[in-house]
Amino acid sequence: MKILVTTKRVEHYESKIRINAQGTGIVTDGLTYMINPFDEIALEEAVRLKDEHSAEVVVVAIGTEDATQQLRTGLAIGADRAILVKATQPIDSDVAARILKAVVDREEPNLVLMGKQAIDDDANQTGQLLAEFLGWPQATFAAKTESLESEAEKQKEPAIDLDDDTATVVREIDGGLETVEIDLPAVITVDLRLNIPRYPALPNIIKAKKKPLDELTLADLGITAEPKVTVLGYEPLPERQAGVVVDNVQTLLDKLQNEAKVL
Amino acid sequence: MFEDPLVRPFLDDSHAQFYQNCLRFTREEITPHAYAWEEAEIFPRELYEKAADAGLLGASMPEAYGGGGGDIFHLILFCEAGLWAGTTGVLVGLGSMEIALPPILALGTEEQKRRWVPPVLRGKQIAALGVTEPNTGSDVASVQTRAIRDGESYVLNGSKMFITSGVRADIVTVLARTSEDPHGGLSFFVVEKGTPGFSTSQGLKKMGWRASDTAILTFEDCRIPIENRLGDEGMGFLALMQNFERERLLLAVYGHASAEVALAEAERYARERAAFGRSIMGFQVTRHKLARMATLARACKALNYQVADAMRRGESVLEQVCAAKNFACDVALEVCDHAVQIFGGMGYMRESIVERLYRDVRLLPIGGGTSEIMNEIIAKLRGYGR
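From a predicted model like this one, the values you see are computed outputs, not experimental measurements. (Residues numbered from 1 in each chain as written. Chains lettered and ligands numbered in written order. Predicted model: local features only at pLDDT ≥ 70, side-chain atom pairs only at ≥ 80, totals over all residues.)

### Some thoughts on the overall build of chain B
Part 1 of the reasoning: When helices and strands are tallied, chain B shows 13 helices and 10 strands.
Part 2 of the reasoning: On C-alpha atoms alone, chain B measures out to a radius of gyration of 21 Å, which is about the 21 Å that the 2.2 N^0.38 rule sets for 386 residues.
Part 3 of the reasoning: In terms of overall dimensions, chain B has C-alpha extents of about 80 × 50 × 40 Å along its principal axes.
Part 4 of the reasoning: For chain B, with 386 residues in total, the buried portion stands at 51%.
Part 5 of the reasoning: Taking the contacts inside chain B whose residues are at least 6 apart along the sequence as the reference set, 74% of them involve residues at least 24 apart. (Helix = DSSP H or I, 4+ residues; strand = E, 2+ residues; numbered from the N terminus. Rg over C-alpha atoms; globule rule 2.2 N^0.38 Å. Buried ≥ 20, exposed ≤ 12 C-beta atoms within 10 Å, placed from the backbone. Contact = placed C-beta atoms within 7 Å.)

Here's what the structure looks like:
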């Protein structure tokens, strides 16, 4: 069993994001970075499945040399190998999925696990596109039936049920959970309520430096990056306006109905 | 991750990664409860296990006994990250093992290490160090607690004072006198909770470090097997001196880390707080005060990192570590005082982090050897008065 997991490098969720003066991107000075939290959950699930199925876990990231930090974190959490696909140009979900398809063609994993979206662009497309390009089944928004406070979670049991040919996945859908069974190989994207990712232990952090990390270029994979999406500009959210104190409920209702038009 | 070019050369990716873990733990497990634990003058025992599960305890101790296998900088970063919650008490409570276990690791047999170290690093047991006595502080050669050999056991009599984690400790590394020789007559023992004749007081009421429990330990005809002695008789003093270097560096680190947190709080407050129609950052007097605080914090950290790096290389830096501790005390006291001043009335309220830090740092020139003792050591090593 081989599991491929994505570890996208994203701005830390506690970072204060500022738009640059030209409106062409964000100011990166002083930002800290992390593995996309949804990918972290995917990796945690992969590491749990690894323990149960003696699987090999391979982490993959697309980006500059900086992304090796996130790959090393992935290795410290429990992946066996890492692949960095070096790219400096803008990459949209479509190009990312094409790159990942080329990696999957080389690696031939039984399962691709990835976050349902990345917290930077929140596109929520790459997993679905990848499954389409591969012609593989997909199960999106994987979750756990039990709560994250449950005994199963404390015991670090995997929520995705795997056997040689199929995966049984609980999905979050509007108003509830749905259980699907899909054939392997497959793409599974994960939601927030699947597991609580572990802290990589310090000895593993130190040992991760010695685990293999391969670098590939887009040329190696035969890909030319031609994004279908062009970002025209960025704008900050409008500053929040000061509130007003109203005298009574009638005035409040009136304002909600006629000014805010939310009732 | 590490923006200051002065500190970056000492650290690698494993430090960055570990620091992230420590920050996450602080944010999720300490910060939300810091005020309540300070007021309650205790933190839940479960925190030891949570910190162990997160792989944060014993960062620089050998992996073979459940430690992180890292170096002194991993431990320093654990202290720095933890202080962002603004409670030194929680850190020194979690960290009492950092002074209690080294004598076991330095003097203990393989069997002793395997018996006492892993349960502590797993967060299942709490360890404390018992050196200070009601009548003996920095003058450790005057330790009066006696361990008298009686057949296959020792009988301990005496008491230990101001023992961090003493109320809850499951094992205590105790320094006791096995002969009259002031230095050569000191030996280390491990005393386990529940041993007849060993009792602990209620938590002592303190000015700062409030979230940690501090106790008086009493030994009355407390009989322990000879297997609980660490190393040979008389090896206690030297081990204690080695332990002190590490303890003093950690206290110096609390100094620069407290200064950094107080500075960050003061910077934030100075931007938010308005007076006479502008933020108080708009006044030169505030900006210059903050500039001095930043300068002191940087200088302090730079010295501490240099000393730590020399220790990591295995060099002897006794004079430097004493100097670093004293300088860090001065910096922490001054910077926290300025921070309280910038906060004004809010700085006097217990809900402010700067108020807690102001009280917490007052212990630094007292614990782990007073500033006066540090100066005596520096003077002696530099050959003054000869």
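### What to know about the interface of chain A and chain B
Part 1 of the reasoning: Of the residues lining the interface, 14 residues belong to chain A; the matching set on chain B comes to 15 residues.
Part 2 of the reasoning: When its residues are assigned to classes, the side of chain A that touches chain B shows eight nonpolar, four polar and two charged. (Nonpolar A, V, L, I, M, F, W, Y, C, P; charged D, E, K, R; others polar.)

### Some details on the environment of B:Gly108
Part 1 of the reasoning: Take B:Gly108: it is sitting in the loop between α7 (102-107) and α8 (110-121).
Part 2 of the reasoning: Not counting chain neighbours up to four residues away, the residues in contact with B:Gly108 comprise B:Lys113 and B:Leu230.

### Looking at the nonpolar core
Part 1 of the reasoning: One finds A:Val5, A:Val59, A:Ile188 and B:Val335 to be the most contacted residues of the largest nonpolar core, which totals 186 residues.
Part 2 of the reasoning: At 18 residues, the largest contribution of residues to this core is made by helix α9 (residues 236-272) of chain B.
Part 3 of the reasoning: With residues up to four places along the chain from it excluded, the contact list for A:Ile188 reads A:Leu111, A:Leu113, A:Ala139, A:Ala142, A:Ile160, A:Ala167 and A:Val169. (Core = buried A, V, L, I, M, F, W, Y, C linked by C-beta atoms within 7 Å.)

### Some words on the domain arrangement of chain B
Put simply, an interface is often sized by how much accessible area is lost when its parts join up.
All names here are of chain B.
Part 1 of the reasoning: Examined at the domain level, chain B breaks down into domain 1 (8-96 + 105-121), domain 2 (127-233) and domain 3 (238-381).
Part 2 of the reasoning: Each of domain 2 and domain 3 has a C-alpha centre, and the two are 30 Å apart.
Part 3 of the reasoning: Every contact between the two is made by nine residues of domain 2 and, on the other side, nine residues of domain 3.
Part 4 of the reasoning: Considered class by class, the residues forming the side of domain 2 that touches domain 3 number six nonpolar, three polar and no charged. (Domains from an automatic or database assignment.)

### With respect to the pairing of strand β10 (residues 176-183) of chain A
Residue and element names in this part refer to chain A.
Part 1 of the reasoning: β10 sits mainly on the outside: zero of its eight residues count as buried.
Part 2 of the reasoning: Bridging between strand β9 (residues 166-173) and β10 involves eight bridges; their strand directions are antiparallel. If you follow Val170 over to β10, its bridge partner there is Thr179.
Part 3 of the reasoning: Counted between consecutive antiparallel strands, the loop separating β9 from β10 contains two residues, among which Gly175 sits at a positive phi close to 80°. (Pairing = 2+ DSSP bridges.)

### Concerning the pairing of strand β6 (residues 111-115) of chain A
All names here are of chain A.
Part 1 of the reasoning: Of all five residues making up β6, five are buried, and the element is well covered by its neighbours.
Part 2 of the reasoning: Bridging between strand β1 (residues 2-6) and β6 involves three bridges; their strand directions are parallel. Residue Val5 lies in a different strand from β6, and its bridge partner there is Leu113.
Part 3 of the reasoning: As paired strands, β6 and strand β11 (residues 186-190) are joined by five bridges and run parallel to one another. Bridged to Leu113 within β11 is Ile188.

### A closer look at the confidence of the model for chain B
All names here are of chain B.
Part 1 of the reasoning: Of the residues in chain B, 100% have a pLDDT of 70 or more, and the chain-wide mean is 95.
Part 2 of the reasoning: Per-residue pLDDT, averaged within each element of chain B, yields its smallest value for strand β9 (residues 274-275) (91) and its largest for helix α11 (residues 318-343) (98).
Part 3 of the reasoning: In the predicted assembly, ipTM is 0.80 and pTM is 0.87. (pLDDT = per-residue confidence, 0-100.)

### Observations regarding unusual backbone geometry
Part 1 of the reasoning: Between A:Leu184 and the following residue, A:Pro185, the backbone shows a cis peptide bond with an omega angle of 0°.
Part 2 of the reasoning: Phi angles above zero are rare outside glycine, and B:Phe162 is one such case at about 55°.
Part 3 of the reasoning: Among the structural elements, B:Phe162 can be located in strand β3 (residues 153-164).
Part 4 of the reasoning: Using a count of 20 C-beta atoms within 10 Å as the deciding quantity, one classes B:Phe162 as buried.

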